[in-house]
Structure formats: structure tokens, C-alpha cells
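# Observations on chain architecture
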Amino acid sequence: MNRMENFKNGLIKDNPVFGLYLGLCSTLAITTSLNNAIGMGTAVIVVLILSNVIISAIRKIVPDDIRIPVYIVIIATLVSIIQMVIEAFAPALNTSLGVFIPLIVVNCIILGRAEAFASKNGVLDSALDGLGMGLGYLLAVLAMSFIRELLSSGGLVLTNPFNTEQVWMNLSLIPEEFRISLFSSPLGAFMTFAFLAAALTAYKSHAAKKAAAKTKEAK
Amino acid sequence: MKNNILQLTLFLGVTAAIAGGALAYANNVTAPIIQENNERAEKATLLEMYPEADLSEFTAVEDDGITSEHPTIKKVYQYKDGIVIFQCEVSGYDKGTVFLVAINSANGEVDNFKTISNGDTQGIGSRITTDEFRDSVLGKPSDGIDTLSGATITSTPVVEAINECGVLAGEIQ
């Protein structure tokens, strides 16, 4: 029960992007297209789960004084490996995500979860926490890129990251004169982010009020 | 205290060594694939020139000072039957031209020509990218090519570069 609760928290209530405001730099930069969001989200999930598992497994032998450098070495290694794998098997994704793959190292979600959760909890719990937080990040970048790509280009395109010639989905929904190119710019990224973060906050305060009313009734 | 520092240093060292090992292994596995990808991307334009060819039929020629002696030439490939392909970059009226020219080293004739990009005036300098220019150079000796009248600022450096390539092709083979 507790485990599932933890997992669900990362997904919505404590969503790393819209709830905790972590990892915003890459979120704002790469959410111009669904393809980028899926690639980045997947990379972050893999790194988060692996780093959480490794850090949790060695939490009892790492001296407290140097735990942060050790975590950083582990995270940086994982990210470099992921980058090599992406470059080898999905070169198009590597080109479009560019510098933001190596920058996963400094994504605060990962170091944050290592320090706040994995260093204090068991391997399985940490893996689940990583999966929950990672999915939360994926959900956030998907929501943002969905809105931004749709409004700025008028459609949605999904291609196979391992073979860019294979197009899975190519929708054109908004006629050219109604497209808002602003949404592909950083300004559009901030606006989309603000609206979504506000929506989550509104949902959370609504849920809290409801819960408070319930406990009052019960009394 | 001293002992403690030693212990911490050792721990960090061991962590870094393990990380380094993991990275070396990953690099070992992915490096050949990445190199192949890069080569394929590079040779994709060569395939457009010779659609019936196979990627492995093109071999990059060792630089050996070619590009430093001939700054317009950026890359050289060998293809079957003594054909040498040059990738050149020349200036023009505005942004100049990047093109590929294949020269038959046996007789010095232009075997194939393809522009990769041209940033000169649309309708004037850009004529270098059309079949008009391509047809006028195919099968001609590399030192007997005419410039495009009306677009000499763009075409003269291209013709000169093809000339240079013709001389080099004989030396490379």
C-alpha cells in the first residue's frame, strides 16, 4: 500500500516537474516535439531507476562524508552510457536532443531522488520510486510537448526513433492560419509550463479541500 | 583523522575506477556502431550520385595534406574503375557552393557532378544546382569546362575547383 502510494505520488501529486519544479531546464528546452519528449523521458526513466537501485544497494557502505561525489560519479557514468547507446542506435534522436542528454547528469530530479529517497530506502522501493518519478517526468514532458507541438505546427508527428524513415503517426489538425508559432519558442514553453503547473495546483487544492470537508463531516 | 581521509580517497578512487571500467566497456560496444552510422551519413550523398553503388564501394582517401594544400577540397573518396570523388567548398556571390565531383582518373573526364548546397542568388547563381550546368560538365575533360554565362561569379570558382580536382585525381590513383 505504502509502496503504491509512493509510486503514485511521483506520478501526479509530487510530480517532479509541475509539483516539485525540478528539472525545468531540460523540460522547457526539449518539449518542442513529441518525439523529443518520448526520447528524453525514456532516457530519464532509465537513468533514474538504475541510479536509484545502485545507490540504494550501496547505501550502507558509502561513507557519509563523500556520498554526494559518489552519487554524482554513478549518475554521470549512467548518463554517459545512455548517451553512447542513444548515439549508436538512435542517431536522429541524439541530434535532436543534443546537449540535453549529457545534461541529464545535472537534472536535479535524479540527484534529488538519490539523496532524498534511495540513500534511505531499500532497493525495490527505490526502483519503484525511480519508476514513479521517471514516469511523472515523462508525463510532464509529454503533456507540454503535446500542447506546444500541436499549437505551433498544427499537427503531431511520431516517428520510430531507431529508424526515422518509419513514421508512425502524422496528424495535421489545425489549419495553417490558426497556428501559433510562439509556442515553439521559449516564451511558449514558459506559458505552457505555467498553465499546466497552475492546473495541477488547482487540482491539488481542490482535492485537499474535499478531504478536509470529509474529515469535518466524519467528526 | 588521517586514516579517515585515506579511506575516503580510496573509496572514491575505487568508485571512479569501477565507473571508468563500465564506461570503457560501453564505449567498446558502441564505438564501432557510432562510427558506422557517421560514415553512412557522410556517404549518403555519394549514394545519391551513384544510386546503384554499395556503401562499401566508396573508400575515403587518407588526407596526407591534400586538404591543407587545396583548401577548396574537403574530402576525397575512391570509387570503382579509377573514379575519384571530391567534395569541394568554394566561395561565390553570397554563400558559395558545396558540391561533389567525380573524375575518371584514367582520362581526366568528369564522370558525375552533384551540388550539395548553393547560397547564391536564386535564379542566377543557383543555376549551378540545375541540370543545365550538370549536363554541360558530364563527360567533359576536367580542364575544358565552360563557366555559366550570366552566373560567372558563382560558376568560375566551381570550374576552377573541378580543374584542380582533375589534376589531383591523376596523382591519387
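Going by the annotation in an unreviewed UniProt entry, the name recorded for chain B is FMN-binding domain-containing protein, with Ileibacterium valens given as the source organism.

The name an unreviewed UniProt entry gives chain A is Ion-translocating oxidoreductase complex subunit E, with Ileibacterium valens as the organism.

Structurally, Q87 of chain B can be placed in strand β3 (residues 83–90). Beyond its immediate sequence surroundings of up to four residues, Q87 of chain B is in contact with T72, I73, K74, K75, V98, F99, L100 and I116 of chain B.

On to the pattern of salt bridges, then. Going through the model one piece at a time under the given rule, you end up with six salt bridges over all chains. Of the charged contacts, one joins D129 of chain A and R113 of chain A as a salt bridge, the two residues approaching to 2.9 Å between their closest N and O atoms. Within this pair, whereas D129 of chain A is found in helix α7 (residues 123–153), its partner R113 of chain A is found in helix α6 (residues 108–118), the two being separated by 16 residues in sequence. Under the relative-accessibility criterion, R113 of chain A is labelled buried at 15%. For R127 of chain B, the salt bridge identified is with E132 of chain B, shortest N-O distance 2.8 Å. For E132 of chain B, a relative accessible area of 40% gives the class partly exposed. The structure contains a network of salt bridges with shared partners spanning D64, R67 and E115 of chain A.

Residue and element names in this part refer to chain B. Judged by pairing direction, the sheet is antiparallel, and its five strands sit side by side in the order β1-β2-β3-β4-β5 without closing on themselves. The sheet is open, and its two borders are formed by β1 (59–60) and β5 (109–118), each paired with just one other strand. Taken together, the eight bridges between β3 and strand β4 (residues 97–104) define a ladder with antiparallel strand orientation. When the sheet's bridge partners are listed, I83 is paired in β4 with N104.

Taken together, the contact pairs 15 residues of chain B with 17 residues of chain A. Here chain B packs against chain A, burying approximately 1400 Å² in sum over the two surfaces, 85% of which is carbon and sulfur. Counting the surface chain B buries against chain A, the share from its top three residues, L8, F11 and L23 of chain B, is 35%. Of the residues that constitute the side of chain B that touches chain A, the class distribution is ten nonpolar, five polar and no charged.

All names here are of chain A. Burial analysis of strand β1 (residues 155–160) places five of its six residues in the buried class, which makes it a mostly covered element. Pairing geometry for β1 and strand β2 (residues 163–172), over six bridges, is antiparallel. If you follow G155 over to β2, its bridge partner there is S172. In this structure, the hairpin formed by β1 and β2 is closed by a connection of two residues.

This part covers the UniProt feature "domain: FMN-binding" (unreviewed entry) in chain B. When the UniProt feature table is mapped to this numbering, "domain: FMN-binding" (unreviewed entry) covers residues 92–169 of chain B. Secondary structure across residues 92–169 of chain B divides into 32% helix and 23% strand, with the first and last C-alpha atoms of the span separated by 24 Å.

This brings us to the nonpolar core. With 43 residues, the main nonpolar core has F18, M40, V47, I86, I104, Y137 and F193 of chain A as its most contacted residues. Breaking this core down by element, the ones donating at least two residues are α2 (24–30), α3 (34–57), α4 (67–89), α5 (91–97), α6, α7 and α8 (186–218) of chain A together with α1 (2–49) of chain B. When residues in this core are grouped by element, the largest group, eight residues, is from α4 of chain A. What F18 of chain A contacts, discounting residues up to four positions off in sequence, is A140, M144, F193, L196, A197 and L200 of chain A. In terms of nonpolar packing, the next biggest core, distinct from the first, is built from 25 residues, F86, C88, A151 and V158 of chain B among them.

This part covers the UniProt feature "transmembrane region" (unreviewed entry) in chain A. Residues and elements named next belong to chain A. The UniProt record marks residues 12–31, 37–58, 70–90, 96–114, 135–158 and 178–200 with the feature "transmembrane region" (unreviewed entry), using the residue numbering of this structure. Each end of residues 12–31 is marked by a C-alpha atom, and these two atoms are 19 Å apart; helix forms 35% of the span and strand 0%. Span residues 37–58 is 95% helix and 0% strand, its end C-alpha atoms 31 Å apart.

The next thing to look at is α8 of chain A. Residue and element names in this part refer to chain A. Between its terminal C-alpha atoms α8 stretches 48 Å, which fits the 48 Å expected from 33 residues at 1.5 Å a residue. Within α8, burial applies to G188, A189, T192, F193, L196, A197 and L200. Structurally, α8 contributes buried residues whose contacts are with α2 and α7.

Residue and element names in this part refer to chain B. Domain annotation for chain B reports domain 1 (1–49) and domain 2 (55–172). Every contact between the two is made by eight residues of domain 1 and, on the other side, eleven residues of domain 2. Between domain 1 and domain 2, the buried area comes to about 1000 Å², and carbon and sulfur atoms account for 73% of it. At the junction of domain 1 with domain 2, the criterion picks out one salt bridge. Where K114 meets E48, a salt bridge forms, and the shortest distance between an N and an O atom there is 3.1 Å. Where domain 1 touches domain 2, the interface holds two residue pairs in polar contact (both at pLDDT 80 or more).

Definitions and limits used
- Residues numbered from 1 in each chain as written.
- Chains lettered and ligands numbered in written order.
- Predicted model: local features only at pLDDT ≥ 70, side-chain atom pairs only at ≥ 80, totals over all residues.
- Heavy atoms only, no water.
- Helix = DSSP H or I, 4+ residues; strand = E, 2+ residues; numbered from the N terminus.
- Contact = heavy atoms within 4.5 Å.
- Salt bridge = Lys/Arg side-chain N within 4 Å of Asp/Glu carboxyl O.
- Buried < 20%, exposed > 50% of the residue type's maximum accessible area, 1.4 Å probe, protein only.
- Pairing = 2+ DSSP bridges.
- Buried area = accessible area lost by both parts, 1.4 Å probe.
- Nonpolar A, V, L, I, M, F, W, Y, C, P; charged D, E, K, R; others polar.
- UniProt positions renumbered as here; feature names shortened; annotations may be inferred.
- Core = buried A, V, L, I, M, F, W, Y, C linked by side-chain atoms within 4.5 Å.
- Expected span 1.5 Å × (residues − 1).
- Domains from an automatic or database assignment.
- Polar contact = N/O pair within 3.5 Å; in protein donor to acceptor, adjacent residues only side chain to side chain.

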